[in-house]
Amino acid sequence: MCGILGLLAHDPSLDVAPEIVEGLSLLQHRGQDAAGVVTCGPKGRFFQVKANGMVRDIFDAASVSKLIGGMGIGHVRYPTAGSFNNAEAQPFYVNSPYGICFAHNGNLINTESLLEFMDEEAHRHINTASDSELLLNIFAYNLQLTGKFRINEEDIFTALGAMVKQVKGAYACVAMLAGFGLIAFRDPNGIRPVGVATRPSGSGKDWIIASESIVADANGFTDWDDVKPGEAIIITRNRVTRRQIAEPSTFAPDIFEYVYFARPDSVMDGISVYRSRMAMGDALAEKVKQVLQEKNLTIDVVIPVPDTSRVAALNLAQKLGAPYREGFIKNRYVGRTFIMPGQQMRKKNVRRKLNAMALEFADKHVLIVDDSIVRGTTSKEIIQMAKDVGAKKVYVASCAPPIRYPNVYGIDMPSRKELVAHSKDEEAIAESIGADLVIFQTLPDLVESVRQWNPKISEFDCSVFTGKYVTGGVDEAYLEHLESLRADNVRGKLHLSTLLVQGKGDGEAVGKGGANGATYQEKSTVSSPTNRKDDNVGLHNSFQT
Ligand SMILES: O=P(O)(O)OC[C@H]1O[C@H](OP(=O)(O)OP(=O)(O)O)[C@H](O)[C@@H]1O
Ligand SMILES: NC(=O)CC[C@H](N)C(=O)O
Ligand SMILES: [Mg+2]
């Protein structure tokens, strides 16, 4: 899951980079592998800083000061295609037919046929294994087909409409056209989130595009509006234009955003993540009550697994009338473990991140609550930790049902074999993670916990629980192919070979700029989609000076 962001200041003389960097740090939980920002300054020039690492490590005062311009986009990356090499850090850039920068959250499922198309028909070179670079080039190719020296909004909608017909999968995107403006768009099923908001600025408005509403709130933007499934919004300094670029399809936002990915203080598609997590705790409490009664068991204490499960665990404890205790203390300097690459790293970091306090576990029957059990990395470690400090019995309750199928839409769960619940019943799962009992939320209860806050959404993407993929095009052959490319054991090798090809893993051989060896690059835009006087005049003025 990545985070995307775009910002257009009404006043072109302002620099938006500091706010973009600040905004990316609020999206850090969506991707910890790489981050990048590109701004567009005078004469339509792009300025870029991107690298592997966390936002705070990549951006310092010196690198941010080089990001000039009143419009820009940013990205935090959690790879789901290609490798975690910094050549695949986003935003991506193409210089033809116009200067375009692009950031993507999601994952395409027809990359093989798109690559063939790029090679045989579009004759565009794709330099990485990133599906996002591919998506950008499909968009650029379709823009090129307009055959125009200078383009307008109609041309962009036409190109996006053609692109949507070619690509399959999940994509929430932000694009920036040099000297023109920003574009936000979302796949026809609205699997990945993205929205827009505004704030007054002089005689006009500043616009923000972001994966989550928290970024808008924190920067004083209001009137958050989710991009609709299959919709594109083009924002220039003169006007904002919205259009459906895809035929209406099933709106099916990914339910895992509410379970784990999003920040609790975000509102997505009209649903407060916080409220949905509280409701997950309430519903799970009923199930736990029932199971404990059936098995004639009691619990002394409810303990959350920091961070994500806290909200649900508190409600669950209240409903059960059991004490809620923070028995695991989290090292605040260690990031999310699930989105780290490689099982070794994830395992090591659970221990680095969480510590069990004996005084909350010793001689007790504890109910540990987590939002989800995916590979079982976290639960295995913390159950052992709880036992090591004297817990008598360790029961685990999960706000999500068993995860038995891969995610193909932007969450890095490509391999069935890695999922602890794959082909296992609840007893076997408990045994495998070392729990005395494991209790899962039912799927209808999970869906209702989220859907009740916006009954207009009739469906959610629940493919990791059901194996049903809303876009179609995901069959056994595809899943096997994905596994062969991205399972943990294959990926280690892939990363190594990428490093060998690239020398030492430095993506762009351009002057170094930021902290952490971030690459800094100034891109002079030769071609700009519009610099005719009658189009987007506000921007042109700044562009032509
Ligand atoms: O079964 P697993 O493969 O371990 O995956 C599930 C765990 O990973 C996530 O935590 P993470 O540490 O990533 O983030 P958090 O601090 O937001 O809970 C999630 O909240 C679960 O605790
Ligand atoms: N998690 C995501 O959204 C990843 C975006 C894109 N597929 C990449 O791997 O960079
Ligand atoms: Mg967790």
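The rules we used
Residues numbered from 1 in each chain as written. Chains lettered and ligands numbered in written order. Predicted model: local features only at pLDDT ≥ 70, side-chain atom pairs only at ≥ 80, totals over all residues. Near = placed C-beta within 6 Å. Helix = DSSP H or I, 4+ residues; strand = E, 2+ residues; numbered from the N terminus. Nonpolar A, V, L, I, M, F, W, Y, C, P; charged D, E, K, R; others polar. UniProt positions renumbered as here; feature names shortened; annotations may be inferred. Contact = placed C-beta atoms within 7 Å. Buried ≥ 20, exposed ≤ 12 C-beta atoms within 10 Å, placed from the backbone. Domains from an automatic or database assignment. Pairing = 2+ DSSP bridges. Axes fitted to C-alpha atoms, helices over the stretch in contact; angles between N-to-C directions. Core = buried A, V, L, I, M, F, W, Y, C linked by C-beta atoms within 7 Å. pLDDT = per-residue confidence, 0-100.

Engineer: Honestly, the site of ligand 1 in this entry has me stumped. Any pointers?
Structural biologist: With respect to spatial proximity, 19 residues lie near ligand 1, and among them Arg336, Phe338, Val374, Arg375 and Thr378 are the closest. The element that contributes the greatest number of residues to the shell around ligand 1 is helix H13 (residues 377-388), accounting for three residues. Of the residues in the shell around ligand 1, the class split is seven nonpolar, seven polar and five charged.

Engineer: Please explain the UniProt feature "binding site: Mg(2+)" (unreviewed entry) in the protein as it appears in this structure.
Structural biologist: As recorded in UniProt, the feature "binding site: Mg(2+)" (unreviewed entry) lies at Thr308, Asp370 and Asp371. Of the residues just listed, which span 64 residues, no C-alpha pair is farther apart than 7.6 Å, and they cluster in one region. Non-local contacts of aspartate 370, meaning those with residues more than four positions away in its chain, are made with Val305, Ser309, Thr378, Ser379, Val396 and Ser398. For aspartate 371, a count of 28 C-beta atoms within 10 Å translates into the label buried. Discounting residues that sit within four places of it in the chain, aspartate 371 has contacts with Val259, Tyr260, Thr308, Ser309, Ala312, Cys399 and Ala400.

Engineer: Got a minute to help me understand the UniProt feature "active site" (unreviewed entry) in the protein in this structure?
Structural biologist: When the UniProt feature table is mapped to this numbering, "active site" (unreviewed entry) covers Cys2. By the secondary structure assignment, cysteine 2 is in the segment before strand S1 (3-8). We classify cysteine 2 as buried; it has 27 C-beta atoms within 10 Å. Once residues within four sequence positions are removed from consideration, cysteine 2 is found in contact with Arg30, Gly31, His75, Val76, Arg77, Tyr78 and Asn105.

Engineer: When you look at the site of ligand 2 in this model, what are you seeing that I'm missing?
Structural biologist: Around ligand 2, 17 residues are found, and the nearest of them are Cys2, Pro79, Ala81, Asn105 and Gly410. Among the elements of the structure, strand S6 (100-108) and helix H5 (131-144) are those that each provide at least two residues to the shell around ligand 2. The element contributing the most residues to the shell around ligand 2 is S6, with four residues. For the shell around ligand 2, a count of residues per class yields five nonpolar, nine polar and three charged.

Engineer: When you look at helix H15 (residues 443-451) in this model, what are you seeing that I'm missing?
Structural biologist: A turn of α-helix holds 3.6 residues, and therefore any two residues three or four places apart point the same way. Among all positions of H15, only Leu446, Ser449, Val450 and Arg451 are buried. Along its buried surface, H15 packs onto helix H8 (256-261), strand S15 (271-272) and helix H9 (273-295).

Engineer: Help me understand unusual backbone geometry, please; the structure alone is not making it clear to me.
Structural biologist: Most peptide bonds are trans, and most residues other than glycine sit at a negative phi. The linkage connecting glutamine 90 with the following residue, proline 91, adopts the cis geometry, with an omega of 5°. Along the chain, the position of proline 91 falls in the loop between strand S4 (71-77) and strand S5 (92-94). With an omega dihedral of 10°, the bond running from serine 96 to proline 97 counts as a cis peptide bond. Structurally, proline 97 can be placed in the loop between S5 and S6. The phi dihedral of histidine 123 is positive, around 50°, even though this residue is not glycine. Along the chain, the position of histidine 123 falls in the loop between helix H4 (111-122) and H5. In this structure, serine 423 takes a positive phi of about 60° despite not being glycine. You can call serine 423 exposed: it has 9 C-beta atoms within 10 Å.

Engineer: In this structure, what is going on with the domain arrangement of the protein? I would like to understand it.
Structural biologist: Accessible area lost during the coming together of the parts is what is often quoted as the interface size. One can read the domain layout of the protein as domain 1 (3-252 + 512-544) and domain 2 (271-469). Summarising the inter-unit geometry, the C-alpha centres of domain 1 and domain 2 are found 35 Å apart. When contributions to the side of domain 1 that touches domain 2 are tallied by element, the ones reaching two or more residues are S6 and strand S7 (169-177). For the side of domain 1 that touches domain 2, the leading source of residues is S6, giving three residues. By residue class, the composition of the side of domain 1 that touches domain 2 is nine nonpolar, nine polar and two charged.

Engineer: Whenever I open this one, the environment of isoleucine 214 confuses me. Can you help?
Structural biologist: Among the secondary structure elements, isoleucine 214 is positioned in helix H7 (residues 213-218). Between the alpha carbons of isoleucine 214 and valine 267 there is a distance of 7.7 Å; along the sequence they are 53 residues apart.

Engineer: Please explain the sheet that holds strand S20 (residues 393-398) as it appears in this structure.
Structural biologist: In a beta sheet, neighbouring strands pair by backbone hydrogen bonds and run either parallel or antiparallel. Taken in spatial order, the four strands of this open sheet run S16-S19-S20-S21, and their pairing is parallel. Each edge of the sheet is formed by a strand with only one pairing partner; in this case those strands are strand S16 (301-304) and strand S21 (437-440). Averaged over all neighbouring strand pairs, the angle between strand axes comes to 25°, with direction disregarded. Sheet topology note: the S16/strand S19 (residues 365-370) ladder contains four bridges and is parallel.

Engineer: Explanation requested: the environment of histidine 75 in the structure shown.
Structural biologist: Mapping histidine 75 onto the fold places it in strand S4. When the C-alpha positions of histidine 75 and isoleucine 382 are compared, they lie 32 Å apart, and in sequence the two are 307 residues distant. Not counting the four nearest positions on each side in its chain, histidine 75 is found in contact with Cys2, Gly3, Ile4, Ala35, Gly36, Gln90, Pro91 and Ala103.

Engineer: So what exactly am I meant to see when it comes to the nonpolar core here?
Structural biologist: Inside soluble globular proteins, nonpolar side chains tend to come together where they are buried. Core analysis: the biggest nonpolar cluster contains 171 residues, and Leu5, Leu182 and Ala184 have the highest contact counts within it. Inspection of this core shows a minimum of three residues originating in each of domain 1 (3-252 + 512-544) and domain 2 (271-469). Leaving out residues up to four positions away in the same chain, leucine 182 has contacts with Gly6, Leu8, Met71, Ile73, Val174, Met176, Trp207, Ile209 and Ile235.

Engineer: For this particular structure, what's the right way to read the sheet that holds strand S12 (residues 231-235)?
Structural biologist: With antiparallel pairing, the six strands of this open sheet are ordered in space as S5-S6-S7-S8-S12-S13. Each edge of the open sheet carries a strand with a single partner, namely S5 and strand S13 (240-244). Taking the axes of each pair of neighbouring strands and ignoring which way they run, one obtains an average angle of 20° across the sheet. Along the sheet, H5 makes contact with S5, S6 and S7, crossing S6 at roughly 125°.

Engineer: So what exactly am I meant to see when it comes to the confidence of the model for the protein here?
Structural biologist: Close reading of the predicted structure is inappropriate where its pLDDT is low. Averaged over every residue, the pLDDT of the protein is 90; the share at 70 or more is 90%. Per-residue pLDDT stays below 50 along residues 494-515; that stretch engages in 43 contacts with residues further than four places along the chain or on separate chains. Note on residues 524-545: pLDDT under 50 across the span, and 61 contacts to partners over four residues away in sequence or across chains. In the predicted assembly, ipTM is 0.98 and pTM is 0.91.

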